[in-house]
Amino acid sequence: MRRLTFGLILAVVLVFTPAAALMADFNITLDDAAVEIAMEVRYGRTLVPVRAFVQGILGGEVDWCGTARRVYINHAHNALILHIDSDIALVNGDEVMLDVPAKIINDATLVPLRFVVEALGMGVTFDDGSIRLTGGHIQIVDFTHTVRRGSDAALQIIGRPYTYYHLGVQFLAGASTAAGLGYAKTDQYGNVYWNWRIGSLTTPGLWPITISGGGQVLREYFEVVTE
């Protein structure tokens with residue numbers, strides 16, 4: 001597994017002892033809509049209750065394993081695993097170092113806000129006592145996860161209306177130049193569709209695709225098989 005490092009920098013000056021905890025008093029918005037969530041600052045990092053934040057605000061799913069003291073987060077094809085009091089988390093199977101681990105405080109499981117938001121492919125900015133979250137809006141509604149060589153693959157998403165999105169496919173030899181990939185514009189409901197041919201000599205295996213547009217980047221995989 002690759003080891004990655006997130007720069008978890010909070011643009012707020014706070015003065016306290018290392019173990020001190022302060023209640024955070026920020027205005028917080030998601031895609032410019034105001035939301036409410038209890039927050040706490042420890043060691044210069046903003047922590048939030050995981051279930052209320054991920055399920056109640058971000059629209060993801062949270063599972064808890066009490067015996068292993070482990071939190072599972074799933075949202076828009078991203079999977080996170082955080083261990084209580086551990087500075088190592090897993091993001092889609094990759095190890096990530098945390099500045100501040102998940103904590104259980106007053107019977108609530110708290111996780112670092114910036115880490116969770118960015119690991120889920122969303123954006124967050126801190127500015128003058130405000131926190132602005134930018135949600136992951138791309139939804140995959142139809143996708144050919146497995147395709148034979150010499151056959152067609154297809155992908156349909158829902159994004160923002162009348163917005164250009166780009167679909168890129170990466171193979172062993174480099175980026176695919178197949179007709180049907182590239183930029184496409186969504187309709188009035190945010191729908192857009194791609195259809196492209198997989199070459200008859202394409203190397204079988206699991207290959208990445210990248211969907212980008214509307215300020216978001218989403219990565220997925222599909223498999224090329226011989227029969």
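Residues numbered from 1 in each chain as written. Predicted model: local features only at pLDDT ≥ 70, side-chain atom pairs only at ≥ 80, totals over all residues. Heavy atoms only, no water.

## As for the overall build of the chain
The helix and strand tally for the chain stands at two helices and 24 strands. Buried residues in the chain amount to 43% of all 227 residues. The long-range share in the chain, meaning contacts at least 24 apart out of those at least 6 apart in sequence, stands at 52%. (Helix = DSSP H or I, 4+ residues; strand = E, 2+ residues; numbered from the N terminus. Buried < 20%, exposed > 50% of the residue type's maximum accessible area, 1.4 Å probe, protein only. Contact = heavy atoms within 4.5 Å.)

## Section: the nonpolar core
If you look at the biggest cluster of nonpolar residues, it comprises 34 residues, and the most contacted ones within it are Phe53, Ile73, Leu113 and Leu133. When residues of this core are traced back to their parent elements, those giving at least two are strand E3 (27-30), helix H1 (50-58), strand E8 (70-75), strand E9 (78-83), strand E10 (88-91), helix H2 (113-119), strand E14 (123-127) and strand E15 (130-134). With residues up to four places along the chain from it excluded, the contact list for isoleucine 73 reads Val50, Val54, Glu61, Val62, Asn78, Ala79, Leu80, Leu82, Val116 and Leu120. Formed by 22 residues, the second largest nonpolar core is a distinct cluster that contains Trp194, Trp207, Leu218 and Phe222. (Core = buried A, V, L, I, M, F, W, Y, C linked by side-chain atoms within 4.5 Å.)

## Comments concerning the environment of threonine 210
Note on placement: threonine 210 falls in strand E23 (residues 205-213). With 43 residues separating them in the primary sequence, threonine 210 and leucine 167 have C-alpha atoms 5.7 Å apart. Among all residues touching threonine 210, those that are not within four sequence positions of it are His166, Leu167, Gly168, Val217, Leu218 and Arg219.

## Focus: the sheet that holds E14
As summarised here, the arrangement of the four strands in space is E4-E3-E15-E14, forming an open sheet in which the pairing is mixed. If you trace the sheet from one side to the other, it starts and ends with strand E4 (33-35) and E14, each paired once. On average, each strand axis in the sheet is inclined to that of its neighbour by 25 degrees, with strand direction left out of account. Here E3 pairs with E15 via four bridges, running parallel. Its bridge partner being in E15, leucine 30 is matched across the sheet by leucine 133. (Pairing = 2+ DSSP bridges. Axes fitted to C-alpha atoms, helices over the stretch in contact; angles between N-to-C directions.)

## A word on the pairing of E14
By the alternation rule, side chains of E14 split into Val124 and Phe126, which are all buried, and Gly123, Thr125 and Asp127, of which none is buried. In terms of strand pairing, E14 meets E15 through five bridges, oriented antiparallel. Counterpart to valine 124 in the pairing with E15 is leucine 133. The hairpin turn running from E14 into E15, its antiparallel successor, is two residues long, and aspartate 128 in that turn takes a positive phi close to 50 degrees.

## Concerning the sheet that holds strand E16 (residues 139-143)
Strand order in this open sheet of three strands is E16-E18-E22, and the pairing throughout is antiparallel. Unpaired on one side and paired on the other, E16 and strand E22 (191-197) mark the two borders of the sheet. Each strand of the sheet is rotated relative to its neighbour by a mean of 20 degrees, with strand direction disregarded. Strand direction decides the pairing type here: strand E18 (residues 152-158) and E22, joined by seven bridges, are antiparallel. Across the sheet, glutamine 156 pairs through a bridge with tyrosine 193, a residue of E22.

## Describing the packing of aromatic side chains
Applying the stated criterion to the full structure yields three aromatic pairs. Here the aromatic rings of phenylalanine 171 and phenylalanine 222 are separated by 6.2 Å at their centres, their planes lie at 70 degrees, and the arrangement is edge-to-face. Within this pair, whereas phenylalanine 171 is found in strand E19 (residues 164-171), its partner phenylalanine 222 is found in strand E24 (residues 216-225), the two being separated by 51 residues in sequence. On the basis of relative accessible area, phenylalanine 171 is assigned to the buried category, the value being 15%. A residue is classified by how much of its surface remains accessible, and phenylalanine 222, at 0% relative accessible area, is buried. For the pair tryptophan 196 and phenylalanine 222, a centre-to-centre distance of 6.1 Å together with 85 degrees between the ring planes defines the contact as edge-to-face. Within this pair, whereas tryptophan 196 is found in strand E22, its partner phenylalanine 222 is found in strand E24, the two being separated by 26 residues in sequence. Classification of tryptophan 196 as buried rests on a relative accessible area of 1%. Here the aromatic cluster, defined as three or more aromatic residues joined through ring pairs, consists of Phe171, Trp196, Trp207 and Phe222. (Phe/Tyr/Trp six-rings, centres within 6.5 Å; stacked < 30°, edge-to-face > 60°.)

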